[in-house]
Amino acid sequence: MGVPVIDVAGLFSSDESNRRATANEIGEACENVGFLTVVGHGVDADLCAAVLHETRRLFTISDAEKAAAAWNDERPNRGYDPAGRQRLDADAAADLKEAWSLGPEHLVGSSPMQQANVWPSLDGFKPVVAAYHAAAMSLCERLMRAMALSLDLDEDYFEPFHQAPVCTLRLLHYPPRPTDATAGQFGAGAHTDWGAVTVLLQDGEGSLEVQARDGSWIEVEPQPESFVINVGDLLAQWTNDRYTSTRHRVLGVAERERYSVACFYDLDHDAVIEVLPTCVSDDNPARYAPTTAGRHLQAKFDASMAAS
């Protein structure tokens, strides 16, 4: 199993046949691998470089400012998340990464996952990150339209489910892996993502690995001006496992740091998710009971928090 590289410029075509042809490529990758690398996505390369620059700056702020912005019960999933707080692989040690989570400010709401942002005191940081977040969300919306086509649905089928999506932007820093790290302790332990679609911007350092069906691990090599896209658990359930939510991890490397920016596109908090009509039949009944996107996401989030 390799992670395919797909030019998605066809999604922007006014010709439906072009959009559908590209959508079918995306759908095939989602079914067979659960991961793909996309180029031709239309997101400005300078904006991508700028948000990675701001991510590097972010993690140079003082420990005191990080601590003041750390998550607490009143402010879940917004602000600073220190190394060791999250355990993505329940059978391994806590993750080595540190992160800062933000949401789209125009979509702040009553959901625990849609609280107000906590911004660091860095000049120029907020406008760059907010602009990138908007661009990443727009790409997610485009991908959802493509996925609808690949699933034999109307192109706008998913739109009612993401009018105010829980869309977390997570700026990530993986420090050099310490020589005394616990066996099996990684930058991010082996896991699947939880929601619908993840759009990942990587620096050039690599170390992201995807698990093949035979259990082996395959590195996703960074490509110039690209994003790594993967299917989350909720989308896999929605498609009755026609789409694959694939385990992946970030090893971390002893001699260098790694930075990335992940956009987790997780639908409206109250959206009712039932197995899609084109993904069931008499021979393939629904494998999952209806749920809401918010209930699903909160349960996954709670389970990932490492015990203090």
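Residues numbered from 1 in each chain as written. Predicted model: local features only at pLDDT ≥ 70, side-chain atom pairs only at ≥ 80, totals over all residues. Heavy atoms only, no water.

**Q** What exactly am I supposed to notice about helix α4 (residues 125-150) here?
**A** Think of an α-helix as turning once every 3.6 residues; residues three or four places apart then point the same way. The end-to-end C-alpha distance of α4 is 37 Å, a good match for the 38 Å that 26 residues give at a rise of 1.5 Å each. Immediately beyond the C-terminal end of α4, within one or two residues, lies Asp-152, with a positive phi of roughly 65 degrees. (Helix = DSSP H or I, 4+ residues; strand = E, 2+ residues; numbered from the N terminus. Expected span 1.5 Å × (residues − 1).)

**Q** Mind showing me how you'd approach the packing of aromatic side chains here?
**A** For any pair of aromatic rings, the description consists of the separation of the ring centres together with the inter-plane angle of the planes. All told, the structure shown has 6 aromatic pairs when counted by the stated rule. Relative to Phe-158, the ring of Tyr-157 has its centre 5.6 Å away and its plane inclined at 85 degrees; by these criteria the two rings are edge-to-face. Through successive ring pairs, a cluster of aromatic residues spans Tyr-157, Phe-158, Phe-161 and Trp-238. Sitting over the ring of Phe-186, Arg-249 keeps its end group 5.0 Å from the ring centre. Its end group placed over the ring of Trp-217, Arg-249 keeps NZ or CZ at 4.0 Å from the ring centre. (Phe/Tyr/Trp six-rings, centres within 6.5 Å; stacked < 30°, edge-to-face > 60°. Lys NZ or Arg CZ within 6 Å of the ring centre and 35° of its normal.)

**Q** Before we go on, may I ask you to explain the state of the cysteines in this structure?
**A** As used here, a disulfide is simply a covalent bond connecting the sulfur atoms of two cysteines. Summed over all chains, the structure comprises 0 disulfides. Cysteine Cys-140 is unpaired, with the sulfur of Cys-263 as its nearest cysteine sulfur at 4.2 Å. Of all cysteine sulfurs in the structure, the one in Cys-167 sits closest to Cys-263, which takes part in no disulfide; the separation is 3.5 Å. On the basis of relative accessibility, which here comes to 0%, the residue Cys-263 falls in the buried class. (Disulfide = S-S within 2.5 Å. Buried < 20%, exposed > 50% of the residue type's maximum accessible area, 1.4 Å probe, protein only.)

**Q** What exactly am I supposed to notice about the environment of His-41 here?
**A** On the secondary structure map, His-41 appears in the loop between β2 (35-39) and α2 (45-58). Looking at His-41, the relative accessible area reads 7%, which means it is buried. Excluding anything up to four places from it in sequence, His-41 contacts Val-8, Phe-12, Leu-139, Glu-225, Ser-226 and Phe-227. (Contact = heavy atoms within 4.5 Å.)

**Q** Just checking my understanding: could you explain unusual backbone geometry for this structure?
**A** Leaving glycine aside, a negative phi is the common case for residues, and trans is the common case for peptide bonds. Although it is not a glycine, Asp-152 sits at a positive phi angle of roughly 65 degrees. Of note, Asp-152 is situated in the loop between α4 and β5 (165-174). Asp-152 sits in the exposed class, given a relative accessible area of 56%. Positive phi values are uncommon outside glycine, yet Glu-225 reaches one of about 50 degrees. Mapped onto the elements, Glu-225 comes out in the loop between β9 (217-219) and β10 (227-231).

**Q** Before we go on, may I ask you to explain the pattern of salt bridges in this structure?
**A** It is possible for side chains of opposite charge to pair when their charged atoms get near one another. Summed over the entire model, instances satisfying the criterion amount to 13 salt bridges. In this structure, the salt-bridge partner of Lys-66 is Glu-98, at a minimum N-O distance of 3.2 Å. Pair noted here: Lys-66 is in helix α3 (residues 63-68) and Glu-98 is in strand β4 (residues 98-102), with a separation of 32 residues, a long-range link. What makes Lys-66 buried here is its relative accessible area of 7%. The salt bridge involving Glu-159 is made with Arg-145; its shortest N-O contact spans 2.5 Å. With Glu-159 in the loop between α4 and β5 and Arg-145 in helix α4, the pair connects residues that are 14 residues apart, well separated along the chain. (Salt bridge = Lys/Arg side-chain N within 4 Å of Asp/Glu carboxyl O.)

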